[in-house]
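The chain contents come next:
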Amino acid sequence: MNASILVVDDEPILRDALKRLLSLDGYEVAVAKNGEDALGCIPRQGFDVIVSDLRMPGLSGLELLERSRAANPRVGVILVTAYATVDAAVEALRLGANDFLLKPFEMEDLRRSVERVLKLCRAAENGRVARALPPRPGGHSLVGETPPMIAVRGHIVRCATMPSNVLITGESGVGKELVAAAIHAESPRSAQPFIPVNCGAIPETLIESQLFGHLRGAFTNAMAANPGLFVAADHGTLFLDEIGELPLGMQVKLLRVIEDRQVWPVGATKGVPVDVRIIASTNRDLPAEVKAGRFREDLFYRLNVVHINLPPLRERRADIPLLVKHLMGRLNAKLRTAFIVIEPDALRALVDQPWKGNVRELENVLERAMVLGGGDTLSLQHFAAETRPPTTPLERGLRDALRQFERQHVRDVLIEAGWDKREAARMLRISLASLYRKLGMFTIGSTMPQG
């Protein structure tokens, strides 16, 4: 991958595990045991990314961030910590951290973070990264300062002024309609209608009439003519949410509308010209749907002119403190409550959750807590049902993975030391008592000599 990474952590086992895992991905990985050591090797080696613990003896991760950025403004920085607070996350982002991960995290989270930061830094070096959209009174509100959200804003800025169709992908609840509305708000069509329609919520027998309209008497119960949503969105934007739910027969007709720029109302003998920009979204894997014959390939290419992928909330956990603050303000106005503070342990618990329902689930959890709570402060007890530790294999986090690697690493060192535990402890740079504790925890196996 021709990229070099510096891992900075005062825990030797964690350093070694991260070095081993990232090296397996093809990166050149160096390690430093503290911030001072890191600063000593940064000038000698042009690292692309620094992965640093936030809390270390001596120079902290935030101080290392500031000083490493002063030495090399182009280096990407990922901070990791087990002690998340709103202030720490906001300060890290203010000082220019590219991502902020919470321990325990899955190795796949770190891999994706490294990949995103590398792409972001290389794009920035080529001058292709757009800054955040300016706030618009009464307009859209895309909350987040992590690299994925900066990238999304960049896509919005670049494609808003173009007439091209846009396909937005992402899991349910990530905010696809919000991005579509932001594109419309920044476009020359902003004064014209923005009409969202959920393709999966309209019965198959009615969707043609809803989209393209019908004449009076075109079918039973058609007592009056209906112009349809395409005509209603003329000169504006039509947002086709969950486009993957559209039946194949309707896909053919939608493709014809895109190509001919006119709709054929049910019962009509001539088309009606329309000037509509289409933004579509889906939580499905459309290329896989095309392969399975459930989605037309030609329609996919017509819609996928510009592609914006929204990351799930678990891939941008550093945005959660900002989202919580934003959502609390919005919910206060809706519920007529006055919550202004969330306690650090409650916020940390929220940041740690898997959020399978993404931002939508986070908002629902906050609303329930604010409805049932009182006063001006949200505490951990308000979220008791939502903040139980994850228990499924997919949610176990980095801690279990590191334990496996730690076990293997200790075994490798013991073999190298000829099963001499005192020598192994010296090589591991831990006390003999600590080694015995680890052996008791790992239960490395009956083949290991005792004593």
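In this text the structure is predicted, and so the values were computed from the model without any measurement.

Caption draft 1: Representation of the overall build of the protein chain. Regarding its fold elements, the protein chain presents 18 helices and 14 strands. A separation of at least 24 residues holds for 70% of the contacts in the protein chain among residues at least 6 apart in sequence. Only carbon and sulfur atoms are counted for the fraction: they give 52% of the accessible area of the protein chain, which is about 22,100 Å².

Caption draft 2: Local environment of the sheet that holds strand S11 (residues 277-282). Taken together, five strands build an open sheet; the order of strands is S7-S8-S11-S6-S12 and the sheet is parallel. Every interior strand has two partners, whereas the edge strands, strand S7 (194-198) and strand S12 (306-309), have only one. For this sheet the average axis-to-axis angle between neighbouring strands, irrespective of direction, equals 20°. Here strand S6 (residues 166-169) runs beside S11; their pairing, made up of four bridges, is parallel.

Caption draft 3: A look at the packing of helix H13 (residues 320-335) against helix H15 (residues 358-372). Packing of H13 against H15 brings their axes to within 10 Å, and their N-to-C directions diverge by 50°. Taken together, the axes of H13 and H15 lie oblique to each other. The handedness of the crossing between H13 and H15 is right-handed. Of the residues in H15, those touching H13 at Leu323, Val324, Leu327, Met328, Arg330, Leu331, Asn332, Lys334 and Leu335 are Val359, Leu362, Glu363, Leu366, Glu367, Met370 and Val371. The residue inventory of the contact of H13 with H15, partitioned by class, reads eleven nonpolar, one polar and four charged.

Caption draft 4: Looking closely at H15. With 15 residues, H15 should reach 21 Å at 1.5 Å per residue; the first-to-last C-alpha distance of 22 Å fits that figure. Buried within H15 we find Asn358, Val359, Leu362, Glu363, Val365, Leu366, Glu367, Ala369 and Met370. Contact partners of the buried residues in H15: H13, helix H14 (344-352) and strand S14 (377-378).

Caption draft 5: Inspection of a negative patch on the surface at higher detail. Side chains of Glu36, Asp37, Glu63 and Glu66 sit close together on the surface and give a patch of like negative charge. Breaking the negative patch down by element, the ones donating at least two residues are helix H2 (35-41) and helix H3 (61-71). On the secondary structure map, Asp37 appears in helix H2. Residue Asp37 is classed as partly exposed on the basis of its relative accessible area of 35%.

Caption draft 6: The arrangement of the environment of Leu54 in detail. You can see Leu54 is positioned in the loop between strand S3 (49-53) and H3. Between the C-alpha atom of Leu54 and that of Leu65, which follows or precedes it by eleven residues, the distance is 9.5 Å.

Caption draft 7: Region of interest: the side chain of Arg317. Locating Arg317 in the fold gives a position in the loop between S12 and H13. Residue classification places Arg317 among the buried residues on the basis of a relative accessible area of 15%. Every residue in contact with Arg317, bar those within four places of it in the chain, is listed here: Val351, Asp352, Gln353 and Pro354.

Caption draft 8: Representation of the pattern of salt bridges. One pass over the structure, following the stated rule, counts 16 salt bridges. A salt bridge links Glu367 to Lys334; the nearest nitrogen and oxygen atoms lie 3.1 Å apart. Placement of Glu367 in helix H15 and of Lys334 in helix H13 is noted, with a sequence separation of 33 residues between them. Each member of the salt-bridge network shares a partner with another, and the members are Glu245, Arg284, Glu289 and Arg294.

Caption draft 9: Geometry of the sheet that holds strand S1 (residues 4-8). Pairing is parallel across the open sheet formed by five strands, whose spatial order is S2-S1-S3-S4-S5. In this open sheet, the two edge strands, each paired with only one partner strand, are strand S2 (28-32) and strand S5 (99-102). In this sheet, neighbouring strand axes are inclined to one another by 20° on average, regardless of whether the strands run parallel or antiparallel. By the bridge criterion, four bridges tie S1 to S3 in an arrangement that is parallel. Paired with Leu6 across the two strands is Ile50, which belongs to S3.

Caption draft 10: Seen up close, the packing of aromatic side chains. A full pass over the atoms with the stated rule returns three aromatic pairs. Where Phe194 meets Phe239, the ring centres are 6.2 Å apart and the plane angle is 15°; that geometry is what we call stacked. Here Phe194, found in strand S7, pairs with Phe239, found in strand S8 (residues 237-241); they are 45 residues apart in sequence, far enough to count as distant. Judged by its relative accessible area of 23%, Phe194 falls in the partly exposed class. With a centroid separation of 5.7 Å and an interplanar angle of 40°, the aromatic rings of Phe212 and Phe230 are classed as tilted. Within this pair, whereas Phe212 is found in helix H8 (residues 204-212), its partner Phe230 is found in helix H9 (residues 229-232), the two being separated by 18 residues in sequence.

Caption draft 11: The pairing of S1, seen in detail. Counting buried residues in S1 gives five out of five residues, a clear majority hidden from the surface. Neither face of S1 is left uncovered, since the one carrying Ser4, Leu6 and Val8 and the one carrying Ile5 and Val7 both have all their residues buried. Here S1 runs beside S2; their pairing, made up of five bridges, is parallel. Looking at the pairing, Leu6 lines up with Ala30 of S2.

Caption draft 12: Spatial organisation of the nonpolar core. In this structure, Leu6, Val324, Ile342, Leu366, Leu378 and Phe383 are the most contacted members of the largest nonpolar core, which totals 45 residues. Formed by 31 residues, the second largest nonpolar core is a distinct cluster that contains Ile202, Leu211, Ile258 and Phe300.

Here is what the cut-offs are and how they apply
- Sequence order sets the numbering: in each chain, residues are counted from 1 along the sequence as written.
- Reporting of local features is limited, given that this is a predicted model, to residues whose pLDDT is at least 70; pairs of side-chain atoms are given and counted only at 80 or more, and all residues count toward the totals for whole chains, interfaces and linings.
- Note: side-chain values were computed over all heavy atoms of the structure, leaving out hydrogens and water.
- Numbering goes from the N terminus for both helices and strands, where a helix is a DSSP run of H or I of at least four residues and a strand is a run of E of at least two.
- Pairs of residues are marked as contacts when any of their non-hydrogen atoms sit within 4.5 Å.
- With residues, only the protein chains shown are counted as cover, and all accessible areas are computed by Shrake-Rupley using a 1.4 Å probe.
- Any two strands with at least two DSSP bridges between them are considered paired.
- The axes used here are C-alpha line fits, helices contributing only the stretch in contact, and every angle between their N-to-C directions lies in the interval 0 to 180 degrees.
- Small angles under 35 degrees read as roughly parallel and large ones over 145 as roughly antiparallel, with 65 to 115 read as roughly perpendicular and the rest as oblique.
- By definition, turning the near helix anticlockwise from the far helix through less than a right angle yields a left-handed crossing, and turning it clockwise yields a right-handed one.
- The nonpolar class holds Ala, Val, Leu, Ile, Met, Phe, Trp, Tyr, Cys and Pro. Asp, Glu, Lys and Arg form the charged class, and all remaining residues, Gly among them, are polar.
- By this rule the span expected of a helix is its residue count minus one, scaled by 1.5 Å.
- Only protein chains enter the accessibility calculation, which uses a 1.4 Å probe; a residue whose area is less than 20% of its type maximum is buried, one above 50% is exposed, and one in between is partly exposed.
- To count toward a patch, a residue needs a relative accessible area above 30% and no salt bridge. Like charges then connect within 9 Å, nonpolar side chains (Val, Leu, Ile, Met, Phe, Trp, Tyr) within 5 Å.
- A side-chain nitrogen of Lys or Arg and a carboxyl oxygen of Asp or Glu constitute a salt bridge if their distance falls within 4 Å.
- For this count, His and the chain ends are skipped, Lys and Arg are scored as positive, and Asp and Glu as negative.
- Where a charge lies is defined by one atom per residue type, namely NZ (Lys), CZ (Arg), CG (Asp) and CD (Glu).
- Geometry of aromatic contacts follows a simple scheme: Phe, Tyr and Trp rings, the Trp one being its six-membered ring, pair when their centres are within 6.5 Å, and the pair is stacked under 30 degrees between planes, edge-to-face over 60, tilted otherwise.
- Residues belong to a common nonpolar core when they are buried Ala, Val, Leu, Ile, Met, Phe, Trp, Tyr or Cys residues joined through side-chain atoms within 4.5 Å.

Read these as geometric descriptors, not functional statements.
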